[in-house]
Amino acid sequence: MFKIKFKSRSLLATALVATVCLAGAGAQAADKTLTIYTYESFTSEWGPGPKVKEAFERTCGCSVNFVSVADGVALLSRLKLEGAGTKADVVLGLDTNLTTEAKATGLFDASGVDVGALKVPGNYKDDVFVPYDYGHFAVIYDTQTIKNPPKSMKDLVEGDPSQKIVIEDPRTSTPGLGLLLWVKSVYGDKAPEAWAKLKKRVLTVTPGWSEAYGLFTKGEAPMVLSYTTSPAYHMVAENTDRYQAAAFSEGHYIQIEVAGLLKNAPDKELAREFLKFMVTPGFQDTIPTNNWMMPVSATSQPLPDAFGKLVNPSKTFLMSSDEVAENRKAWVDEWLAAMSMN
C-alpha cells in the first residue's frame, strides 16, 4: 500500500473533498438499475445472462437485475397480470409467435433500434421488438438408447409408445408453443388426432425448457423437444456426439426470439441502450455457446466447428404472429382436450 504525506491541512481537505465527490458519483451510478424480465435458462450460471450482465455493466454505469420465470410464454402471462404497474424495463425472451399478443397489451414502446442489418430468417423486422437469436425446434434423442430415430413428424406421432419424449407446456413455454404450432403446420385440422396418438409417447409435460432438458440428460426419457442447435452444446462443452437432432422430412418450425421496451420503464434511455447493445458483439458473442442458438448479427469470433455438423432443415415452418394470436387459445384447448383423453 502506498503512503502519501500531505504538505498541508488545506491540501488534505481538498483531497478528502475530491474523494467524497468521486465516491458519491460512483454511488449515484450504482443507483441506476435496469430490470430485465427473462426466462430461467437465460439467467442460469451456464446461460448467457451472467456474461451479458457483466459486459453491459462495464459500459452503462448501472446494475442489471434479471427477473426470471419458467419460460417465454410465462413472461407474457406475467406482464398481463402486472399491467402498467410492471417493474420491468425490458422483456427478453418472447418470440415472434407472441409479438401480436404482446403489442395488444399496450405495454410496449418503440425500440429505437435499427434492425435493418440483422440476419434473421424471413428478413424479420419490427419497430417494437428486437430479434436477438433464432433456432429450429427439433426432437433431440439419445443415440445410446434409440438406434432408429423418427425421420418425420408422422414417425414421432405413430412410433413406439415405449420410447418416451419429454415436451414443454404450450401455456407457459415458447418451445411448447412451438411444438403445438409445428404439429398444426403439419397436420392442420387433424392435429387433435395427432396429439391423441403422440400422448402415448409423452412421459411428462414440463412448464419450461430447463426442466424438460434436465429430465432428458438424466436419462428419464430418450427424447426431448429442444432445438437443432442443442447437440452443439454436447459436442463443444462435453466433447460427445451422443445426443443428436432428428431430421424431419416435413421440415422444422423456427423460433425467433425477441426483446422489447416497456412504455413505463423507469429509465427508458438506459433500456434503449441495452436493446442497442443486444445487437453488438458484446451480446451476440454469448449466444452460440451460452444460449446455444444462432446469432442475428456479427460476432467477434467464428462459430465453433460443431455448428457445421447440425441438422439443416429442408423446410422451415413459421406462422404469422397475427395468425397465432387469433388461434392460440383454441389450439391450446385442442391440445388440452387431446392430452386429457384416456
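Above this text is the structure in question.
The model shown is predicted, which means the values in this text are computed figures rather than measured ones. (Residues numbered from 1 in each chain as written. Predicted model: local features only at pLDDT ≥ 70, side-chain atom pairs only at ≥ 80, totals over all residues. Heavy atoms only, no water.)

Chemist: Explain the nonpolar core here, please?
Modeler: One broad rule of soluble globular proteins: the nonpolar side chains tend to lie buried together. Among the nonpolar cores identified, the biggest contains 101 residues, and L94, F108, W195, F274 and F283 are the most heavily contacted of them. Setting aside its immediate chain neighbours within four residues, F274 contacts L34, I36, V52, F56, V90, L92 and F283. Core analysis: the second largest hydrophobic core is formed by six residues, M235, W292, A306 and F307 among them. (Core = buried A, V, L, I, M, F, W, Y, C linked by side-chain atoms within 4.5 Å. Buried < 20%, exposed > 50% of the residue type's maximum accessible area, 1.4 Å probe, protein only. Contact = heavy atoms within 4.5 Å.)

Chemist: Where do I start with the pattern of salt bridges in this structure?
Modeler: Should their charged atoms come close, side chains of opposite charge can pair. Per the stated rule, a full pass over the model turns up 14 salt bridges. Linking E334 and K184 is a salt bridge whose minimum nitrogen-to-oxygen distance equals 3.0 Å. With E334 in helix α14 (residues 321–339) and K184 in helix α7 (residues 174–187), this residue pair connects regions lying 150 residues apart in the sequence. On the accessibility criterion, K184 (11% relative accessible area) is buried. Through salt bridges that share partners, K80, E101 and R328 make up one connected network. (Salt bridge = Lys/Arg side-chain N within 4 Å of Asp/Glu carboxyl O. Helix = DSSP H or I, 4+ residues; strand = E, 2+ residues; numbered from the N terminus.)

Chemist: Whenever I open this one, the state of the cysteines confuses me. Can you help?
Modeler: Two cysteines, two sulfur atoms, one covalent bond between them: this is a disulfide. A complete count under the given rule lists one disulfide for this structure. Across the disulfide, C60 is cross-linked to C62 (sulfur-sulfur distance 2.0 Å). Residues C60 and C62 share a disulfide whose torsion about the S-S bond is about -90 degrees; that sign makes it left-handed. You'll find C60 and C62 in the same group, each marked buried. (Disulfide = S-S within 2.5 Å.)

Chemist: Explanation requested: helix α11 (residues 268–277) in the structure shown.
Modeler: In an α-helix, one full turn covers 3.6 residues, which means residues spaced three or four apart are oriented alike. Of all the positions in α11, only L270, A271, F274, L275 and F277 are classed as buried. On an axial view of α11, the arc spanned by its buried residues comes to 160 degrees, and they lie on one face. (Arc of directions from axis to C-beta.)

Chemist: What is the right way to look at the layout of surface pockets in this model?
Modeler: In this model, the largest pocket occupies a volume close to 450 Å³. Lining of the largest pocket is provided by 22 residues; of these, S41, W46, W209, Y213 and W292 occupy positions nearest its centre. At the level of elements, α7, α9 (209–217), α10 (230–237), β10 (252–262) and α13 (286–291) are the ones that each hand at least two residues to the lining of the largest pocket. Sort the elements by how many residues they give to the lining of the largest pocket and α9 lands first, with five residues. (1 Å grid on protein atoms, 1.4 Å probe; cavity = no way out; pocket = protein on both sides within 12 Å on 5 of 7 lines; lining within 4 Å. Points joined across faces, edges and corners; volume = space filled by probe spheres on them.)

Chemist: How should the packing of aromatic side chains be read in this particular structure?
Modeler: Aromatic ring pairs are reported here in terms of the distance separating the ring centres and the angle at which the planes meet. All chains considered together, the criterion is met by 20 aromatic pairs. Between F56 and F274, the ring centres sit 5.2 Å apart and the planes meet at 85 degrees, which makes this aromatic pair edge-to-face. Taken together, the residues span a long stretch of sequence, with F56 in helix α3 (residues 49–60) and F274 in helix α11 at a distance of 218 residues. There is no split in this pair, since F56 and F274 are both buried. Residues Y132 and F283 carry aromatic rings whose centres are separated by 5.9 Å and whose planes lie at 85 degrees to one another, so their mutual orientation is edge-to-face. One end of the pair, Y132, is in strand β5 (residues 129–142); the other, F283, is in helix α12 (residues 281–284), and 151 residues separate them in sequence. (Phe/Tyr/Trp six-rings, centres within 6.5 Å; stacked < 30°, edge-to-face > 60°.)

Chemist: What is the right way to read the packing of α7 against α14 from this model?
Modeler: The packing of two helices is summarised by the inter-axis angle and the distance between the axes. Between α7 and α14, whose axes approach to 11 Å, the crossing angle comes to 90 degrees. It follows that α7 is roughly perpendicular to α14 by the angle criterion. Along its contact with α7, which presents L177, L180, L181 and K184, the element α14 presents V324, R328, W331, V332, E334 and W335. (Axes fitted to C-alpha atoms, helices over the stretch in contact; angles between N-to-C directions. Parallel < 35°, antiparallel > 145°, perpendicular 65-115°, else oblique.)

Chemist: I'm lost on the pairing of β5 in this one. Help?
Modeler: A regular strand carries its side chains on alternate faces of the sheet. By the criterion of burial, β5 is predominantly enclosed, with 14 of the 14 residues buried. Taken together, the seven bridges between β5 and β10 define a ladder with antiparallel strand orientation. Across the sheet, F129 pairs through a bridge with G260, a residue of β10. Inspection of the sheet shows β5 paired to strand β11 (residues 294–295) by two bridges, in the antiparallel sense. Looking at β11, one finds that D133 is bridged to P295. With five bridges joining them, β5 and strand β8 (residues 223–227) adopt antiparallel strand pairing. From the neighbouring strand, V139 faces β8, where its bridge partner is L225. (Pairing = 2+ DSSP bridges.)

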